[in-house]
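# Structure at a glance
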Amino acid sequence: QVQLVESGGGLVQAGGSLRLSCAASGRTFSGYYMGWFRQALGKEREFVAAISWSGYYTYYSDSVKDRFTISRDNAKNTVYLQMNGLKPEDTAVYYCAADNALATMKDRWAAVGYWGQGTQVTVSS
C-alpha cells in the first residue's frame, strides 16, 4: 500500500518558520516528481512547489518563491518543505504529492497520482 505521510504542521506567528516532511512508503518513487500543494478554507487546491527525482530541478509558485525551499532525500524516501517568512495568507492544509509528470504536478492537480492526508499550517498575524 502506497502511503505519503506528512508531518511538521502547526501554529506559528507571522514571520516565523516551519519545516514540513513527507515520508513515502509502499513503493519507490524513482523518476517521480515530488511536490507540495495547499488548500485554504473555501479555496481550490493550489500548487506550491515541486522537485525532480535528482533534486536538481525545483519549481515554485510565485507566491512562495524566495521564502520556501523544497528538498528531498531519496535514501529516506522523504521530501521536505522549509517555509520561512510565513504570512497569514499561507494558512492552509498542506498536501504532499507524487507524480511522474511535471505538467500534471504544476497544472492539473486533480490528476496527480499520489497524495498524502494533509497537515494544517496556521499563521497568526
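Remember, predicted model here, so these are calculated numbers, not experimental data.

Tallied over the full model, the rule gives one disulfide. With a sulfur-sulfur separation of 2.1 Å, Cys-22 is cross-linked through a disulfide to Cys-96. Linking Cys-22 and Cys-96, the disulfide has an S-S dihedral of approximately -80° and is accordingly described as left-handed. Here Cys-22 is found in strand β3 (residues 18–25), whereas its partner Cys-96 is found in strand β9 (residues 92–99), with 74 residues between them in sequence.

This brings us to the pattern of salt bridges. By the definition in use, this model includes three salt bridges. As a salt-bridge pair, Arg-67 and Asp-90 come within 2.7 Å of each other at their nearest N and O atoms. With a gap of 23 residues between them, Arg-67 in the loop between β6 (58–60) and β7 (68–73) and Asp-90 in the loop between β8 (78–83) and β9 connect regions that are remote in the sequence. The class of Arg-67 is buried, set by a relative accessible area of 13%. Residue classification places Asp-90 among the buried positions, given a relative accessible area of 0%. Sharing partners across several salt bridges, the network here consists of Arg-38, Glu-46, Arg-67 and Asp-90.

The subject of this paragraph is the environment of Arg-108. Along the chain, Arg-108 turns up in the loop between α1 (102–107) and β10 (114–115). A relative accessible area of 48% means that Arg-108 is categorised as partly exposed.

This part takes up the pairing of strand β4 (residues 33–39). Taken across its seven residues, β4 has six buried, putting it largely inside the fold. Of the strand pairs in this sheet, β4 and β9 are connected by seven bridges, and their pairing is antiparallel. Residue pairing for β9: Arg-38 is matched across the bridge by Tyr-94. Of the strand pairs in this sheet, β4 and strand β5 (residues 46–51) are connected by five bridges, and their pairing is antiparallel. Bridge assignment links Met-34 to a residue of β5, and that residue is Ile-51. Between the end of β4 and the start of β5, which pair antiparallel, lie six residues, with Gly-42 showing a positive phi angle near 80°.

The rules behind these values
- Residues numbered from 1 in each chain as written.
- Predicted model: local features only at pLDDT ≥ 70, side-chain atom pairs only at ≥ 80, totals over all residues.
- Heavy atoms only, no water.
- Disulfide = S-S within 2.5 Å.
- Helix = DSSP H or I, 4+ residues; strand = E, 2+ residues; numbered from the N terminus.
- Salt bridge = Lys/Arg side-chain N within 4 Å of Asp/Glu carboxyl O.
- Buried < 20%, exposed > 50% of the residue type's maximum accessible area, 1.4 Å probe, protein only.
- Pairing = 2+ DSSP bridges.

What is shown is where atoms sit, not what they do.
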